[in-house]
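Analysis of the macromolecular model
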Amino acid sequence: GKSASQQEVIKLGADVTFPPFEMMKDGKVTGFDIDLIKAIAAQENLKIADPIQTMDFQGLIPAIQTGTIDVAVAGMTITSAREQQVNFSKPYYHSGLSILVKNDSTIKGLADLKGKTVAVKLGTTADIMLSKDQGIKIKRFNNIDDAYNELQNGGAQAVVFDNPVNLNYINTGHSNVKVVGSLLTGEDYGIAVTKQNSQLLQKINDGLDKLIANGQYEKIYRDYFKSDN
Ligand code: GLN
């Protein structure tokens, strides 16, 4: 392998409003995706530039395209539209969208969202999906906490977002809300990598394979998720 001085340095970007995948804790960027990319970097002798650059979800793909960052971790769903703009690693987490409502809501599923106001995070798969539905009023926020607050203060009747993050919200002291209905989508998260460096994509995929094979992926998973969600 290369000596430490020859280590390839990668500029990493993250959206820190996606707990438990990315979040700020004690002034530090942390979460499942952060531990995963750090383990991949260690495995592949890559050095992550300090600091990790935090930005709105919406800003990550443009930042990769302009070279501000080389790699983004953001629980980013692999979609064909995004694949035109960035390379994606192999899927590393299977997810899907769910509907979060107040416990006393009559909303039971997607059909009930007609005529309602739904809060989403700007530019995410939930925003893209609901924007195709003419009968739903959408309020868009950069920070998912603002979307949850909108539900709490009655400005929206539901939040549609990635189910693990909705469950994390419930489990972090918000027992007055619940997930209803079945998952609206099946989605896979990938690590987004600049199209300018196919070798880097290869290393990230190799590292991911090794962490899955040697049990490290499983260990990191257990640090953040108690059971399957
Ligand atoms: N998985 C969703 C998407 O890719 C949301 C990601 C996020 O908010 N960080 O659109």
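Residues numbered from 1 in each chain as written. Predicted model: local features only at pLDDT ≥ 70, side-chain atom pairs only at ≥ 80, totals over all residues. Heavy atoms only, no water.

1. Topic: the layout of surface pockets
- Roughly 220 Å³ of volume is contained in the second largest pocket.
- Considering the residues around the second largest pocket, the lining is formed by M24, G27, K28, V29, K38, I48, A49, D50, P51 and I52.
- In the lining of the second largest pocket, the residues fall into six nonpolar, one polar and three charged. (1 Å grid on protein atoms, 1.4 Å probe; cavity = no way out; pocket = protein on both sides within 12 Å on 5 of 7 lines; lining within 4 Å. Points joined across faces, edges and corners; volume = space filled by probe spheres on them. Nonpolar A, V, L, I, M, F, W, Y, C, P; charged D, E, K, R; others polar.)

2. Overview of the site of the ligand
- Taken together, 14 residues form the shell around the ligand, and within it A74, R82, K121, T125 and D162 come nearest.
- Between the ligand and D15, the relevant distance is 2.8 Å, taken from a nitrogen atom to a side-chain nitrogen or oxygen of the residue.
- Measuring from an oxygen atom of the ligand, one finds a backbone N or O atom of T77 at 2.8 Å.
- Protein contact buries 100% of the 300 Å² of open area that the ligand shows by itself.
- When each cavity is represented as a set of grid points, the ligand is found to reside in the largest cavity.
- Residues belonging to the shell around the ligand are distributed by class as follows: six nonpolar, four polar and four charged. (Near = heavy atom within 4 Å. Polar contact = N/O pair within 3.5 Å; in protein donor to acceptor, adjacent residues only side chain to side chain. Areas by Shrake-Rupley, 256 points an atom, 1.4 Å probe, with all protein chains shown as cover. Sits in = over half its atoms within 2 Å of the grid points.)

3. A few points about empty space enclosed by the protein
- Within this structure, the stated rule accounts for one cavity of 30 Å³ or more.
- D15, F18, F57, A74, G75, M76, T77, R82, K121, T124, T125 and D162 together form the lining of the largest cavity.
- Classifying every residue of the lining of the largest cavity by side-chain character gives four nonpolar, four polar and four charged.
- Each of domain 1 (4-93 + 187-224) and domain 2 (97-180) accounts for three or more of the residues forming the lining of the largest cavity. (Domains from an automatic or database assignment.)

4. Section: the sheet that holds strand 11 (residues 117-121)
- The strand order 12-11-13-10-14 describes an open sheet built from five strands, whose pairing is mixed. Every interior strand has two partners, whereas the edge strands, strand 12 (137-141) and strand 14 (177-180), have only one. If you compare each strand with its neighbour and ignore which way they point, the axes differ by 30° on average. (Pairing = 2+ DSSP bridges. Helix = DSSP H or I, 4+ residues; strand = E, 2+ residues; numbered from the N terminus. Axes fitted to C-alpha atoms, helices over the stretch in contact; angles between N-to-C directions.)

5. Some remarks on the domain arrangement of the protein
- Each assigned domain of the protein is listed here: domain 1 (4-93 + 187-224) and domain 2 (97-180).
- Distance from the C-alpha centre of domain 1 to the C-alpha centre of domain 2: 26 Å.
- With 16 residues of domain 1 at the interface, the matching set in domain 2 holds 15 residues.
- Buried surface at the junction of domain 1 and domain 2, summed over both partners, amounts to about 1200 Å²; 53% is from carbon and sulfur atoms.
- If you look at where domain 1 meets domain 2, you find one salt bridge.
- Here K121 and D15 are joined by a salt bridge, their closest N and O atoms 2.6 Å apart.
- Scanning the region where domain 1 abuts domain 2 turns up six residue pairs in polar contact (both at pLDDT 80 or more).
- Contributions of two or more residues to the side of domain 1 that touches domain 2 are made by helix 2 (57-65) and strand 15 (187-189).
- Looking at the side of domain 1 that touches domain 2, its residues break down into seven nonpolar, five polar and four charged. (Contact = heavy atoms within 4.5 Å. Buried area = accessible area lost by both parts, 1.4 Å probe. Salt bridge = Lys/Arg side-chain N within 4 Å of Asp/Glu carboxyl O.)

6. Focus: helix 8 (residues 216-224)
- Residues Y217, I220 and Y221 constitute the buried set of helix 8. Each buried residue of helix 8 lies within a common arc of 105° when the element is viewed along its axis, so the set occupies one face. The exposed set on the far side of helix 8, more than 90 degrees from its buried face, consists of K219, R222 and D223.
- Elements in contact with the buried residues of helix 8: helix 1 (32-44), strand 9 (93-95) and helix 7 (198-213). (Buried < 20%, exposed > 50% of the residue type's maximum accessible area, 1.4 Å probe, protein only. Arc of directions from axis to C-beta.)

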